[in-house]
Amino acid sequence: MGSGSSVNPNYKYSLQKSENAFKAAVLIQRWYRRYVARLEMRRRCTWRIFQSIEYACEQDQIKLHNFFSYLMDHFTPSSSKERDFISRMFISGESFKEAELERYCDYESMEVPDSYTGPHLSFPLLPDHATALLEAFKQKQQLHARYVLNLLHETRKHLKQLPNISHVSTCYSEEVTVCGDLHGQLDDLFLIFYKNGLPSPSKSYVFNGDFVDRGKQSLEILIILFTFLLIYPKEVHLNRGNHEDHMVNLRYGFCVGLITMSVASLQNLTELPFFCSYRYGFAKEVMQKYKVHGKKILKMIQNVFCWLPLATLIDQKVLIIHGGVSDTTDLDMLEKIQRNKFISVLRGKKRKESNRNVEIQEVNGENAEADPAGNEALPSLPLQPRPAQAPSMANRLEFSRWVRQTVQEQIEWCRRLVDISESEDEEPTYSSMVSLTDLDAPCWTRQEEWKQILDILWSDPMPQEGCRENKVRGGGCYFGPDVTAKILEKYNLQFLIRSHECKQEGYEFCHNRKVLTIFSASNYYEIGSNRGAYVKLGPDLVPHFVQYQANKTAHTLTMTQRISRVEESAFRALREKLFAHTSALISAFKAYDKDNTGRITLSNWATAVESVLHLGLPWRMLRPQLVRTTEDGMLEYKSWLDDLAMEQRSQERIQSSLLEVIYRNRSNLETIFRIIDRDHSGLISFEEFHQTWKLFSSHMNIELTDDGINDLVRSIDFNKDGNIDFNEFLEAFRLVKQTQ
Amino acid sequence: MAEQEGNGEDGAVAEIEKKIIEAFEVFDHECNKTVDVREIGSIVRSLGCFPTEAELHELLAKVEEEEEPTGYIHLEKFLPVMTKVLLNRSYRPIPEDVLLHAFEALDENKCGYLTKDELVKHMTEEGEPFTEEEMEEMLSSALDPETNTVHYRDYISMMIVDEPEDLPQ
């Protein structure tokens, strides 16, 4: 072996080569890991955007409140038309007594034609009916209205005999599966049944509320859940969620609950316009699917919702509620209150009789006292606005006073509840709120009872200790780990299961694993945004999770694509929000641009944007997606804002300040439109549109001539019959991605 | 307060610190100025740095609690260290052509692509090996399923486009 002092060159070469390969590998790995980290950051930022926009409705809440205050202060109807108009805004719809309900929602006279090919239901229901329904819904068939109503009647009968808190035992059925929010996403329910099996004597289920709204198949989900509830009453348990609430479904309300309604439902509203086809509130879904009998169905459902139990207890150890708890949560009270009285947790309470008696007497001569059926809130006023309805048509002042008083009372009361009280004196209005039908009942006030329900349906956990009002949602509270610990100790519980909040992985623990959030609607914000999950508990009460994502597309997408898609959605929403605050942003930018160069540093941009939007977002992280072109680190803000404006559809004829207002107030405008649109048709007459617009614009201090309104109208294709599809109107003012 | 951001040292440092705090807070779930130690890599990297795993560990050693590692990193320890990193422009990004050369170094036959097996072998056995998850994820976007190969030039172009320029100024 002759080898010189030098290393064999071949060896050296291959050593070099493998060293190179090694270095190359390190480099590639280094680069790739950085790419993944960046994706992770983008994913989290996207999530933050969704959540901050979804929950930041405080401004809207206050604005709507201001609008109605303004109406009361300034609006004196000058014609019978205007009076009708305003009274429609403020007068409730009918509230039925039981017997009336049965009559109104009668189904027995409904004939099912031979041409109907969907499933037929007969009562008592059998497992075959359930499978037939599942199959039918998979084939996109619709259940005949007669069967829907029949089912709802039977469901209500059943629910009425259930206690407020359901008790489940694992020794009876070994394992219990708990599902969270479904929000009308039928595919997720199918997936759960596919993976976990249908409810049966050996398979218990608890569905923790929010079955409806947002998704397009809320009704199908209800039908399926109610069917299984009736077939397997011992094994299937339903909890009420905050969306099982008439007010939230309709997204409009009556004077009595208007402010609290708007607060909470605007949270619902702000979720939608940005992220998914906004049109699908549950009420609208029902009306579209059942054009003839939709109203009856909705009415029945409203009644069924209020009979849903409030909580479920597993083995006396695990408490399942939809939202959370507060530092005043009292399970004993919850067990005893009459839950059906709270048709909507968002409706106000009965007003003090003395204030109203005079007007009521005048209005319809009836005694508007408590009706024995316990339908709460408003006395029954006739549905159609007739001249006799509003007090003293001839006397404008009196009318205004009546409206003012009515709304004022409610605003006061609602303000007190959300702690933005302006009035000094405590009105004794609700102090004597003992139910008139049940004088032997414990004398909690209605208000206390109401708060109990509100808290368990609307609260969210927070990492900090304590308990404070949930101003963002407008109801319930934020509760800390100490509150959780106290409740667990007080009632000898092991942990809480709740839903109400979307979680990226479908579930999440907090409060030291004492609170579990379970969320079953996958792809909630956008395809790929999150997984859904359900949790199984055996006798050991150790949770086992199953996650899923109900969209085939999501699986075939790479992580990058999934994140990009969701991100696009989030940023679109964010750009829209930015656009909606154009004027405020310009002022904020100008403050950093004293020399009027038209440019600011990127750092100042971030600070200014946060000072206007108050979203608490990491703007420097988000900047690359929002600001494309800069010149040596400076931003030309005017052209940046112009670019944002360019993204919306052709609205050149409309003045830009008006556009801004529309964008900023779109959710409020929608609420107002819906109030006017009593038959849920989605249409309002041109005149009503005109009136609404005038009111709103005078409140917002916008100069809007009649011509201006006409331009507004003409900018959208309105139906020729003199009616305006307000969804189209609102849709027209949605930022659309600029086609490159 | 409408202060003009100066071009001086202080202005630059303040801006860097703001950026670091923002990134940190994205991962601060409990809103108490701490993050899980396992997220530090993501934070550092999303601030525009390209450290190797080894370099990351070095950095962690500087920011972890001295006495007993708690699994959490405090902002007050992280901030000065990270600020220095950014000021010194440590862990610089990898230019596209350097990345290309790296792939070419692995491409023995110089055919412009790597087979799936080749790539997997290199990435999971050499350098700072990938986990199975990392490998799978890279393959999902890099691999052409029909030919079972990775055309790295195209792959790089695709990945670079995705990345908006966001390095600190």
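Numbering of residues starts from 1 in each chain and follows the order in which that chain's sequence is written. Labels are handed out in written order, letters beginning with A for the chains and numbers beginning with 1 for the ligands. Per-residue local features of the predicted model are confined to residues with pLDDT of at least 70, and side-chain atom pairs are confined, for both listing and counting, to 80 or more; whole-chain, interface and lining totals are unaffected and use all residues. The side-chain values count all of the structure's non-hydrogen atoms but skip hydrogen atoms and water molecules.

Runs of E in the DSSP output that reach at least two residues are strands. Runs of H or I that reach at least four are helices, and both are numbered from the N terminus. Along its length, chain B carries eight helices and four strands. Going from the N terminus to the C terminus, chain B shows its helices and strands as α-β-α-α-β-α-α-β-α-α-β-α. Relative to its 169 residues, chain B shows a buried fraction of 43%. Note on definitions: a residue-residue contact is assigned when non-hydrogen atoms from the two residues lie within 4.5 Å. Long-range pairs, those at least 24 residues apart, make up 59% of the contacts in chain B between residues at least 6 apart in sequence. Looking at chain B as shown, the accessible area adds up to about 9,400 Å², and 49% of this sits on carbon and sulfur atoms. Think of it in three bands: residues with accessible area under 20% of the maximum for their type are buried, residues over 50% are exposed, and the middle band is partly exposed, with areas taken using a 1.4 Å probe on protein chains only. Surface exposure here means Shrake-Rupley accessible area, sampled with a 1.4 Å probe, where a residue is shielded only by the protein chains that are shown.

All right, on to the overall build of chain A then. Along its length, chain A carries 29 helices and 18 strands. Here chain A holds 740 residues, and 61% of them are scored as buried.

Here the focus is the UniProt feature "domain: EF-hand" (unreviewed entry) in chain B. In this numbering, the UniProt entry assigns the feature "domain: EF-hand" (unreviewed entry) to residues 15–50 and 94–129 of chain B. Annotated as 58% helix and 6% strand, the span residues 94–129 of chain B places its first and last C-alpha atoms 19 Å apart. UniProt positions are given in the numbering used here, feature names are shortened, and annotations may be inferred rather than shown by experiment.

What follows covers the packing of aromatic side chains. Pairing of aromatic side chains here covers Phe, Tyr and the six-membered ring of Trp, requires ring centres within 6.5 Å, and sorts the geometry by plane angle: under 30 degrees stacked, over 60 edge-to-face, intermediate tilted. A full pass over the atoms with the stated rule returns 22 aromatic pairs over all chains. Judged by centre distance (5.4 Å) and plane angle (5 degrees), the ring pair of Y205 of chain A and F207 of chain A falls under stacked. With respect to class, Y205 of chain A is no different from F207 of chain A; both count as buried. Taken together, W31, Y32 and Y35 of chain A together with F130 and Y155 of chain B form an aromatic cluster joined through their ring pairs. Think of it as a cone above the ring: NZ of Lys or CZ of Arg counts as a charge over the ring if it is within 6 Å of the ring centre and within 35 degrees of the ring normal. Lying across the ring of F190 of chain A, K138 of chain A places its NZ or CZ 4.8 Å from the centre. For R513 of chain A, the ring lying beneath its charged end belongs to F509 of chain A, and the centroid distance is 3.9 Å.

Next up on the list: the confidence of the model for chain B. Residues and elements named next belong to chain B. The predicted model of chain B averages 85 in pLDDT, with 89% of residues at 70 or higher. Every residue carries a pLDDT, the predictor's confidence in it, which falls somewhere between 0 and 100. Across residues 1–7, confidence stays below pLDDT 50; counting only partners more than four residues off in sequence or on other chains, it has 15 contacts. If you check the scores for this complex, the pTM reads 0.65 and the ipTM reads 0.91.

Residues and elements named next belong to chain A. Each axis is a line fitted through C-alpha atoms, taken for helices only over the stretch in contact, and angles between the N-to-C directions span 0 to 180 degrees. Contact geometry for helix α9 (residues 218–231) and helix α12 (residues 282–289): axes closest at 9 Å, N-to-C directions at 90 degrees. When the axis of α9 is compared with that of α12, the two are roughly perpendicular. For the pair formed by α9 and α12, the contact residues are S218, L219, E220 and L222 on the first element and F282, E285, V286 and K289 on the second. Of the residues contributing to the contact of α9 with α12, the split by class is four nonpolar, one polar and three charged. Every angle not falling under 35 degrees, over 145, or within 65 to 115 is termed oblique; those three ranges are roughly parallel, roughly antiparallel and roughly perpendicular. Here the nonpolar group is Ala, Val, Leu, Ile, Met, Phe, Trp, Tyr, Cys and Pro; Asp, Glu, Lys and Arg are the charged ones; every other residue, Gly included, is treated as polar.

Our focus in this paragraph is the sheet that holds strand β11 (residues 507–510) of chain A. Residues and elements named next belong to chain A. Strand pairing is defined by DSSP finding a minimum of two bridges between the two strands. Strand order across the open sheet formed by six strands is β1-β5-β6-β10-β12-β11, with mixed pairing between neighbours. Pairing within the sheet leaves two strands with one partner each, and these edge strands are β1 (165–168) and β11. Between one strand and the next, the sheet's axes are offset by a mean angle of 20 degrees, whatever the strand orientation. Relative to strand β5 (residues 311–314), β1 runs parallel, the two sharing four bridges. Across the sheet, residue H167 finds its bridge partner in β5, namely L313.

Another point: the interface of chain B and chain A. Accessible area lost on assembly of the parts is the figure often given for the size of an interface. Taken together, the contact between chain B and chain A spans 56 residues of the former and 43 residues of the latter. A combined buried area of about 4,800 Å² lies between chain B and chain A, and 61% of that area is made up of carbon and sulfur atoms. A pair is scored as a salt bridge if a Lys or Arg side-chain nitrogen falls within 4 Å of a carboxyl oxygen belonging to Asp or Glu. Measuring nitrogen to oxygen at the nearest pair gives 3.8 Å for the salt bridge that ties R33 of chain A to E53 of chain B. Within 3.5 Å is the distance limit for a polar contact, defined as a pair of N or O atoms, with the added protein rule that one can donate a hydrogen and the other accept it, and that residues adjacent in sequence qualify only through two side-chain atoms. Put simply, chain B and chain A have 16 residue pairs in polar contact (both at pLDDT 80 or more) between them. It is helix α1 (residues 9–26) of chain B that provides the largest number of residues to the side of chain B that touches chain A, a total of seven residues. A breakdown of the residues in the side of chain B that touches chain A according to their chemical character gives 24 nonpolar, eleven polar and 21 charged. We define buried area as the total accessible area lost by two parts upon association, computed with a 1.4 Å probe and summed across both.

On to the UniProt feature "domain: EF-hand" (unreviewed entry) in chain A, then. Here the UniProt feature "domain: EF-hand" (unreviewed entry) sits at residues 580–615, 664–699 and 704–739 of chain A. Secondary structure within residues 580–615 of chain A divides into 64% helix and 8% strand; the distance between the first and last C-alpha atoms comes to 14 Å.

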